[in-house]
Amino acid sequence: MLNVINTTTIHGQDRLIQAVEEQKANGRGLITVCNHTSMFDDPGVLSLLMPWHWLWSEPLTEKVRWSICAKEVCFKNELLRHFFLNGKTLPVERGKGVYQPVVSIAAHTLAKGGWVHLFPEGRINYDGKLGPLRWGVGKLICEARQLNGGRDPALLPFYHSGMGEVLPITMDRLNVGRSVEVRVGEHIKVDDLTCNCDSPDMAVQQETWKAITARVRAALLELEAQCPTNPDQTDVAPKREPPPS
């Protein structure tokens, strides 16, 4: 879909492949984060980044990512529920905050050396620009660290552009002849922040989650500046209420 009927350029794919290989070997776990501009970002972009043999060997190697999707979108009936669960996708309820079982499930996955991908904006941003991030990504890192003997999961950002042209909000099929660019960044270091994850003061913990999330956003903004501009679809996108905090 993206390599044949469309054209894709990936910068730094080897960095992600190495990160997945290493997290399986050392048991740290890996979190990847990226922007969200279309309904096809996952599995589209994520499939691009993974070698084909990971899919065939998944029952033995477990290198394919786990993802998180809104319950009302991906789990609204039994057919979709089975489809997405078999595609290693977990349900999250919008507006229910960071204290949901899915966060703990994802943290346990990371503590066992798994790979979890997040769209930290928590929604598709049809203006094509990186929006505010939910600080659930910070809580997930802290919880995984606590479950894994004080070891932080690896944290790797990437940014993509052009997916809003491959699957615009106005279409129910993929476009042809478009260009997509994916840029994988450097690992984000947060060990100077995660030392506060175990604080007995809940206010300190929450500030730590927010500080981690702010660092993730800074890394994504840096990648955004290096990529082509995403299309602005706000004129045709459905009107939505402001996202809950």
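These numbers come from a predicted model, not from an experiment.

1. Thoughts on the sheet that holds strand E6 (residues 154-161)
Ordered in space as E1-E7-E6-E2-E5, the 5 strands form an open sheet in which the pairing is mixed. The outermost strands of the open sheet, each flanked by one partner alone, are strand E1 (7-11) and strand E5 (115-118). Strand-to-strand twist across the sheet, computed as the mean angle between neighbouring axes with direction ignored, equals 20°. Pairing of E6 with strand E7 (residues 179-184) involves 4 bridges; the strand directions are antiparallel. If you follow His160 over to E7, its bridge partner there is Val182. Against the sheet, helix H2 (residues 41-49) contacts E1, E5, E6 and E7, and its axis sits at roughly 110° relative to E6. Here helix H11 (residues 202-224) sits on the sheet in contact with strand E2 (30-33), E6 and E7, set at roughly 35° to E6.

2. Re the confidence of the model for the protein chain
On average, residues of the protein chain score 92 in pLDDT, and 96% of them are at 70 or above. Low pLDDT (under 50) marks residues 241-245, which in the prediction has 5 contacts with non-local residues, meaning those over four places away or in another chain.

3. A short note on the nonpolar core
Ranked by size, the top nonpolar core spans 28 residues in total, and within it Ile31, Val33, Leu118, Leu140, Ile141, Leu155 and Val216 carry the most contacts. If you list the elements that add at least two residues to this core, you get E2, helix H7 (101-111), E5, helix H8 (136-147) and H11. When near neighbours in sequence (up to four residues on either side) are disregarded, Leu140 contacts Ile31, Val103, Ala106, Ala107, Leu110, Val116 and Leu118. The next biggest cluster of nonpolar side chains, apart from the first, holds 26 residues, and it includes Val20, Leu48, Trp115 and Phe119.

4. Remarks on the packing of aromatic side chains
Think of a pair of aromatic rings as described by two things: how far the centres are apart, and how the planes are tilted against each other in angle. Inspection of the entire model under this criterion finds 6 aromatic pairs. An aromatic cluster of three or more residues is present, and its members are Phe75, Phe83 and Phe84.

5. Observations concerning the layout of surface pockets
For the second largest pocket, the calculated volume is near 290 Å³. Lining the second largest pocket are Met1, Leu2, Asn3, Phe40, Pro43, Gly44, Ser47, Leu48, Met50, Pro51, Trp52 and Leu55. Elements with a minimum of two residues in the lining of the second largest pocket: H2 and helix H3 (52-56). Of all the elements, H2 adds the most residues to the lining of the second largest pocket, at 4 residues. A per-class count over the lining of the second largest pocket returns 9 nonpolar, 3 polar and no charged.

6. Some remarks on helix H1 (residues 13-26)
If you check H1, its first and last C-alpha atoms are 20 Å apart, about what 14 residues at 1.5 Å a residue would give, namely 20 Å. Along H1, the residues classified as buried are Leu16, Ala19, Val20 and Gln23. Projected onto a plane normal to the axis of H1, the buried residues spread over an arc of 95° and lie on a single side. For H1, exposure combined with an orientation more than 90 degrees from the buried face picks out Asp14 and Ala25. Tucked into the core, H1 has its buried residues touching E2, H2, H3, E5, E6 and E7. Looking one or two places after H1, you find Gly27, whose phi comes out positive at around 75°.

Reading guide: rules and limits
Residues numbered from 1 in each chain as written. Predicted model: local features only at pLDDT ≥ 70, side-chain atom pairs only at ≥ 80, totals over all residues. Heavy atoms only, no water. Pairing = 2+ DSSP bridges. Helix = DSSP H or I, 4+ residues; strand = E, 2+ residues; numbered from the N terminus. Axes fitted to C-alpha atoms, helices over the stretch in contact; angles between N-to-C directions. Contact = heavy atoms within 4.5 Å. pLDDT = per-residue confidence, 0-100. Core = buried A, V, L, I, M, F, W, Y, C linked by side-chain atoms within 4.5 Å. Buried < 20%, exposed > 50% of the residue type's maximum accessible area, 1.4 Å probe, protein only. Phe/Tyr/Trp six-rings, centres within 6.5 Å; stacked < 30°, edge-to-face > 60°. 1 Å grid on protein atoms, 1.4 Å probe; cavity = no way out; pocket = protein on both sides within 12 Å on 5 of 7 lines; lining within 4 Å. Points joined across faces, edges and corners; volume = space filled by probe spheres on them. Nonpolar A, V, L, I, M, F, W, Y, C, P; charged D, E, K, R; others polar. Expected span 1.5 Å × (residues − 1). Arc of directions from axis to C-beta.

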